[in-house]
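Listed here are the chains, written in short residue letters.
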Amino acid sequence: MKRFIIVAAIAALSLLPMIAGVLDPVFDKYRKLENAEYVHIPKFLMMMAGDYTKIDKDLPITGKASGVKVLSIDDCSANTLTEIEQSIRKTATEKDMEEIIRTTSYGEECQIWFQSKGDKIKSIYILSLEKGELSLIEISGNFKQTDIE
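Criteria and cut-off values
Residues numbered from 1 in each chain as written. Predicted model: local features only at pLDDT ≥ 70, side-chain atom pairs only at ≥ 80, totals over all residues. Heavy atoms only, no water. Phe/Tyr/Trp six-rings, centres within 6.5 Å; stacked < 30°, edge-to-face > 60°. Lys NZ or Arg CZ within 6 Å of the ring centre and 35° of its normal. Salt bridge = Lys/Arg side-chain N within 4 Å of Asp/Glu carboxyl O. Buried < 20%, exposed > 50% of the residue type's maximum accessible area, 1.4 Å probe, protein only. Core = buried A, V, L, I, M, F, W, Y, C linked by side-chain atoms within 4.5 Å. Helix = DSSP H or I, 4+ residues; strand = E, 2+ residues; numbered from the N terminus. Contact = heavy atoms within 4.5 Å. Polar contact = N/O pair within 3.5 Å; in protein donor to acceptor, adjacent residues only side chain to side chain. Patch = residues over 30% accessible without salt bridge, like charges linked within 9 Å, V, L, I, M, F, W, Y side chains within 5 Å. Areas by Shrake-Rupley, 256 points an atom, 1.4 Å probe, with all protein chains shown as cover.

Asks: Looking at this structure, I do not really get the packing of aromatic side chains. What am I missing?
Replies: Both the distance between ring centres and the angle between the ring planes are used here to describe each pair of aromatic rings. Inspection of the entire model under this criterion finds one aromatic pair. When the ring centre of Phe-27 is taken as origin, the NZ or CZ atom of Lys-69, which lies over that ring, is 5.7 Å away.

This is the structure in structure tokens:
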């Protein structure tokens, strides 16, 4: 039995790089900054929280999110913000992420990308920028296009 557990654990650890999010290197690198706050809610906690939340069960997206990551950086230099933004946009281009929305208003910018596999949306990324602040959100799951509309 111990051998089975050890083999299963090794197999699970070897699969982690395959299930990592597209922007995981960005989250990993910049969450260590002094003014950064990082929160990761894995699938296990999402399932537990689902039992106690008051979310309308009829919404098409209900129960389909399997994880959330949030990186928020405040009081950041313009150079650092530019570096992070360029890193995110470069990765988005390299990984063929589909940009859905880009808006700019009163010095604030917001972008939303989808990472798809076949006809399923696997991740939704939201980048919000304003002077000295950056927020990056990843919502992973197994969504249909109609769930998002």
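Asks: What is the right way to look at the pattern of salt bridges in this model?
Replies: Close approach of charged atoms allows side chains of opposite charge to pair. Across all of its chains, the model carries seven salt bridges by this definition. Its salt-bridge partner being Glu-99, residue Arg-102 comes within 2.8 Å of it at the nearest N-O pair. The exposure class assigned to Arg-102 is partly exposed, which follows from its relative accessible area of 48%. Among the charged side chains, a salt-bridge network with shared partners connects Glu-85, Arg-89 and Glu-109.

Asks: Please explain the nonpolar core as it appears in this structure.
Replies: For soluble globular proteins, the rule of thumb is that nonpolar side chains tend to be buried together. If you look at the biggest cluster of nonpolar residues, it comprises 20 residues, and the most contacted ones within it are Leu-23, Ile-73, Ile-88, Leu-134 and Leu-136. Counting only elements with at least two residues in this core, the list comes to helix H2 (24-30), strand S2 (65-73), helix H4 (78-94), strand S5 (120-130) and strand S6 (133-144). In terms of residues, this core owes the most to one element, H4, which gives four residues. Non-local contacts of Leu-23, meaning those with residues more than four positions away in its chain, are made with Ile-88, Thr-91, Met-97, Tyr-125 and Leu-136.

Asks: How do you make sense of the side chain of Glu-109 when you look at a structure like this?
Replies: Mapped onto the elements, Glu-109 comes out in strand S4 (residues 108-117). With relative accessibility at 18%, the residue Glu-109 sits in the buried group. One polar contact links Glu-109 to Arg-89, side chain to side chain, over a distance of 2.5 Å.

Asks: Even after reading the chapter, I still don't get a nonpolar patch on the surface, so can you show me in this structure?
Replies: A contiguous nonpolar surface patch, about 350 Å² in accessible area, is contributed by Val-39, Ile-41, Phe-44 and Leu-45. Along the chain, the position of Phe-44 falls in helix H3 (residues 43-50).

These figures come from the coordinates and say nothing about function on their own.
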